[in-house]
Amino acid sequence: MTHEIVFDKPAARREKLITKLYQSAFPTVAKYVSKMGGSFDDAKDIFQDALVIYYEKTLNGDLSPHNGEKAYLLGIAKHLWLKKFKGDRHNLPLDSCTKDFDVTDETEDQPSAVKLMRYLETAGKKCMELLSAFYYHKLPMKDLADLFGYAGERSATVQKYKCIEKVRETVKEQSLAYEDFIE
C-alpha cells in the first residue's frame with residue numbers, strides 16, 4: 001500500500017504518515033547500519049536523510065516505489081550509508097588509526113630477506129617463480145596459467161596454493177615462529 005505525502009492534506013495527517021513510515025522502516029535501517037558498524041546516531045542521521053529524499057521525491061512526483069515505502073527508504077538509506085562509509089574511510093585522522101597500537105621505528109625487528117628466501121626455496125624453483133610472478137609482479141591468474149603452461153586459471157590457483165602449503169609445511173615441521181625470521 002503506497003502512501004503519498006501531498007501538500008493539500010492537513011499537516012497533522014502528513015505528520016501521522018511520516019511517523020508511520022518512521023515506525024515501520026527505521027528499525028530495519030537501524031539494524032542495517034548497526035550491522036555495518038554504525039552507531040544508533042548514525043542510523044538516525046541516515047534515516048532522516050532518506051526520509052527527506054523520499055519526501056522531496058514525493059513532492060516532485062518522481063517517486064514510484066515498486067516494493068513499498070519501507071523497501072524504498074531502506075534502499076535510500078543503504079545507498080547513503082555506503083556513500084558515507086566510502087567517504088569516511090579515506091578521511092580518518094592519523095591519530096585515530098594509531099591509538100590502538102604503538103608506532104615504532106620500522107627498521108627494528110624486520111624479517112630477514114635471506115632467511116625468508118631460504119624457506120621459500122624449499123618449495124622448489126617452479127614454485128618460487130610462480131609465487132614471484134603472482135605476489136611480486138602481480139600477474140593475473142589467467143596470465144600465470146598461460147606463462148606456466150597450466151590448463152586454466154583454476155589450475156594455476158591450485159598450484160599456487162600447493163606451493164604456499166609446501167612452505168607452510170616446512171615452517172610447521174621446524175616449529176618456526178616469527179622471531180626465527182628476524183635478523
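Above this note sits the structure.
Residues numbered from 1 in each chain as written. Predicted model: local features only at pLDDT ≥ 70, side-chain atom pairs only at ≥ 80, totals over all residues. Heavy atoms only, no water.

What to know about the state of the cysteines
Here's step 1: In the structure shown here, the tally under the stated rule is 1 disulfide.
Here's step 2: Cys127 shares a disulfide with Cys163; S-S distance 2.1 Å. Judged by the sign of its S-S torsion, about -75°, the cystine formed by Cys127 and Cys163 is left-handed. Pair noted here: Cys127 is in helix 6 (residues 125-136) and Cys163 is in helix 8 (residues 153-173), with a separation of 36 residues, a long-range link. Neither Cys127 nor Cys163 differs from the other in exposure class; each is buried. (Disulfide = S-S within 2.5 Å. Helix = DSSP H or I, 4+ residues; strand = E, 2+ residues; numbered from the N terminus. Buried < 20%, exposed > 50% of the residue type's maximum accessible area, 1.4 Å probe, protein only.)

Points about the pattern of salt bridges
Here's step 1: Counted by the stated rule, this structure contains 2 salt bridges.
Here's step 2: One salt bridge connects Lys44 with Asp41, and the closest N-O pair in it is separated by 3.5 Å. You can see Lys44 and its partner Asp41 sitting in helix 2 (residues 40-60), 3 residues apart, about one turn around the helix.
Here's step 3: Arg168 is the partner of Glu165 in a salt bridge, and the nearest nitrogen-oxygen pair spans 2.5 Å. Here Arg168 and Glu165 lie together in helix 8, a separation of 3 residues that amounts to about one turn.
Here's step 4: Residue Glu165 is classed as partly exposed on the basis of its relative accessible area, which comes to 28%. (Salt bridge = Lys/Arg side-chain N within 4 Å of Asp/Glu carboxyl O.)

Notes on the environment of Leu51
Here's step 1: Within the secondary structure layout, Leu51 lies in helix 2.
Here's step 2: A residue is classified by how much of its surface remains accessible, and Leu51, at 8% relative accessible area, is buried.
Here's step 3: Leu51 sits 30 residues away from Leu21 along the chain, and the two C-alpha atoms are 8.5 Å apart.
Here's step 4: What Leu51 contacts, discounting residues up to four positions off in sequence, is Ile18, Leu21, Tyr22 and Leu73. (Contact = heavy atoms within 4.5 Å.)

Things to note about the packing of helix 1 (residues 11-35) against helix 2
Here's step 1: Between helix 1 and helix 2, whose axes approach to 9 Å, the crossing angle comes to 135°. In terms of orientation, helix 1 and helix 2 fall into the oblique class. The hand of the helix 1/helix 2 crossing is right-handed. Residue-level inspection shows Arg14, Ile18, Leu21, Tyr22, Ala25, Phe26, Val29, Ala30 and Val33 of helix 1 in contact with helix 2, the latter providing Phe40, Asp42, Ala43, Lys44, Ile46, Phe47, Gln48, Leu51, Tyr54 and Tyr55.
Here's step 2: In terms of residue class, the contact of helix 1 with helix 2 is built from 15 nonpolar, 1 polar and 3 charged. (Axes fitted to C-alpha atoms, helices over the stretch in contact; angles between N-to-C directions. Parallel < 35°, antiparallel > 145°, perpendicular 65-115°, else oblique. Left-handed = near helix turned anticlockwise from the far one by under 90°. Nonpolar A, V, L, I, M, F, W, Y, C, P; charged D, E, K, R; others polar.)

Some details on the packing of aromatic side chains
Here's step 1: Scanning the model with the defined rule gives 7 aromatic pairs in all.
Here's step 2: Look at Phe26 and Phe40: their rings are 5.7 Å apart centre to centre, the planes differ by 85°, and that puts the pair in the edge-to-face class. Note that Phe26 is positioned in helix 1 and Phe40 in helix 2, a separation of 14 residues in sequence.
Here's step 3: For Phe26, a relative accessible area of 9% translates into the label buried.
Here's step 4: We classify Phe40 as exposed; its relative accessible area is 51%.
Here's step 5: With a centroid separation of 5.5 Å and an interplanar angle of 75°, the aromatic rings of Phe26 and Phe47 are classed as edge-to-face. Here the residue Phe26 occupies a position in helix 1, and Phe47 occupies one in helix 2, the gap between them amounting to 21 residues.
Here's step 6: Owing to a relative accessible area of 0%, Phe47 belongs among the buried residues under this scheme.
Here's step 7: Taking the ring centre of Phe134 as reference, the NZ or CZ of Lys160 above it sits at 4.5 Å. (Phe/Tyr/Trp six-rings, centres within 6.5 Å; stacked < 30°, edge-to-face > 60°. Lys NZ or Arg CZ within 6 Å of the ring centre and 35° of its normal.)

Quick notes on the nonpolar core
Here's step 1: Ranked by internal contacts, the top residues of the largest apolar core, which has 19 residues, are Val29, Val33, Ile46, Phe47, Ala50 and Leu73.
Here's step 2: Listing elements by their share of this core, those giving two or more residues are helix 1, helix 2 and helix 3 (69-89).
Here's step 3: Those residues in contact with Phe47 that sit more than four places away from it in its chain are Leu21, Tyr22, Ala25, Phe26, Val29 and Leu73.
Here's step 4: Listed in part, the 14 residues of the second largest apolar core include Ala123, Phe148, Ala156 and Val167. (Core = buried A, V, L, I, M, F, W, Y, C linked by side-chain atoms within 4.5 Å.)

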